[in-house]
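Letter by letter, the chains look like this.
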Amino acid sequence: MKKQRKSTRSTNRKHRQNEALNAQSGAEQGRRKFLRLARNLGIGAVLLGGTGYVFANNFASMRHEHDLTRVGNGLPTIVQVHDPQCSLCRSLQAETREALAMFEEGQLDYVIANIRTDKGKGFATRHSVPHVTLLLFDSKGELKEVLQGQRGQYELRNHFQSLLES
């Protein structure tokens, strides 16, 4: 019995078909890689932009909160003489913010005099007060009351209400 040989024509045709399929598959994989890369870059851009927005917004609000020139701006103002490394100061700050939340927006102004800065230290020295202190100013910038030490939010609310009524 003789062996039959396959024709080289059919082998060549199959080989060319496989090459064409591989070329198509390679193009398809290249397209998928590109789309995956574009998606990942889009997600990264959104995350980076969102993070930048949050940091910029946080920086602007912190800068506004530390602006001591706002005392006497037409609103009654509470100034906290504050040391960011002091746990009592941070606790008083939290209680003060809770008390301020009980009032309508725009009724009272809240400013922080950070004694770790030259302006904050100068402000505290000018009023002869230590940290863990709240200074209550009327709308004209006149000092009405000094609250030293830790206070609860409801006690602070009563003092703030008295400031509004004066």
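Here, the structure is the one placed above.
Residues numbered from 1 in each chain as written. Predicted model: local features only at pLDDT ≥ 70, side-chain atom pairs only at ≥ 80, totals over all residues. Heavy atoms only, no water.

Our next topic: the overall build of the protein chain. A tally of helices and strands in the protein chain yields four helices and four strands. Sequence-ordered secondary structure for the protein chain, helices as α and strands as β, is α-β-α-β-α-β-β-α. Looking at the protein chain as a whole, 27% of its 166 residues are labelled buried. At a minimum sequence separation of 6, the contacts of the protein chain that also span at least 24 residues come to 66%. As displayed, the protein chain has an accessible area near 12,000 Å², and 53% of this comes from carbon and sulfur atoms. (Helix = DSSP H or I, 4+ residues; strand = E, 2+ residues; numbered from the N terminus. Buried < 20%, exposed > 50% of the residue type's maximum accessible area, 1.4 Å probe, protein only. Contact = heavy atoms within 4.5 Å. Areas by Shrake-Rupley, 256 points an atom, 1.4 Å probe, with all protein chains shown as cover.)

Here S128, not a glycine, exhibits a phi torsion of approximately 55°, which is positive. Relative to the elements of secondary structure, S128 occurs in the loop between α3 (118–126) and β3 (133–137). Given a relative accessible area of 63%, S128 falls into the exposed group. Of note in this structure, V132 is not a glycine but carries a positive phi near 60°.

Quick look at the side chain of D83 now. Mapped onto the elements, D83 comes out in the loop between β1 (77–82) and α2 (87–100). Excluding residues within four positions of it along the chain, D83 makes contact with C89, I115, R116 and H131.

For the rest of this paragraph, the subject is the nonpolar core. As a rule of thumb, nonpolar side chains are buried together in soluble globular proteins. One finds I78, L100, L108, L134, L136, L156 and F160 to be the most contacted residues of the largest nonpolar core, which totals 17 residues. Residue assignment for this core shows that the elements contributing at least two residues are α2, β2 (109–114), β3 and α4 (153–165). In terms of residue count, the dominant contributor to this core is α2 (four residues). Other than its neighbours up to four places away in sequence, L108 contacts P76, I78, L100, F103, F160, L163 and L164. (Core = buried A, V, L, I, M, F, W, Y, C linked by side-chain atoms within 4.5 Å.)

A word on the layout of surface pockets. Approximately 330 Å³ is the volume attributed to the largest pocket. Forming the boundary of the largest pocket are 13 residues, of which L100, E105, G106, L108 and Y110 lie nearest the centre. Secondary-structure elements contributing two or more residues to the lining of the largest pocket are α1 (8–65), α2 and β2. Here the residues of the lining of the largest pocket are counted per class, giving five nonpolar, two polar and six charged. (1 Å grid on protein atoms, 1.4 Å probe; cavity = no way out; pocket = protein on both sides within 12 Å on 5 of 7 lines; lining within 4 Å. Points joined across faces, edges and corners; volume = space filled by probe spheres on them. Nonpolar A, V, L, I, M, F, W, Y, C, P; charged D, E, K, R; others polar.)

Before going further, it helps to spend a moment on the pattern of salt bridges. This model, assessed by the stated rule, comprises four salt bridges. The partner of R116 in a salt bridge is D83, with the nearest N and O atoms 2.9 Å apart. Of the two residues, R116 sits in the loop between β2 and α3 while D83 sits in the loop between β1 and α2, which places them 33 residues apart along the sequence. Relative accessible area serves as the criterion here: at 8%, D83 is assigned to the buried category. R151 serves as the salt-bridge partner of E155, at 2.8 Å between the closest nitrogen and oxygen. The exposure class assigned to R151 is buried, which follows from its relative accessible area of 18%. (Salt bridge = Lys/Arg side-chain N within 4 Å of Asp/Glu carboxyl O.)

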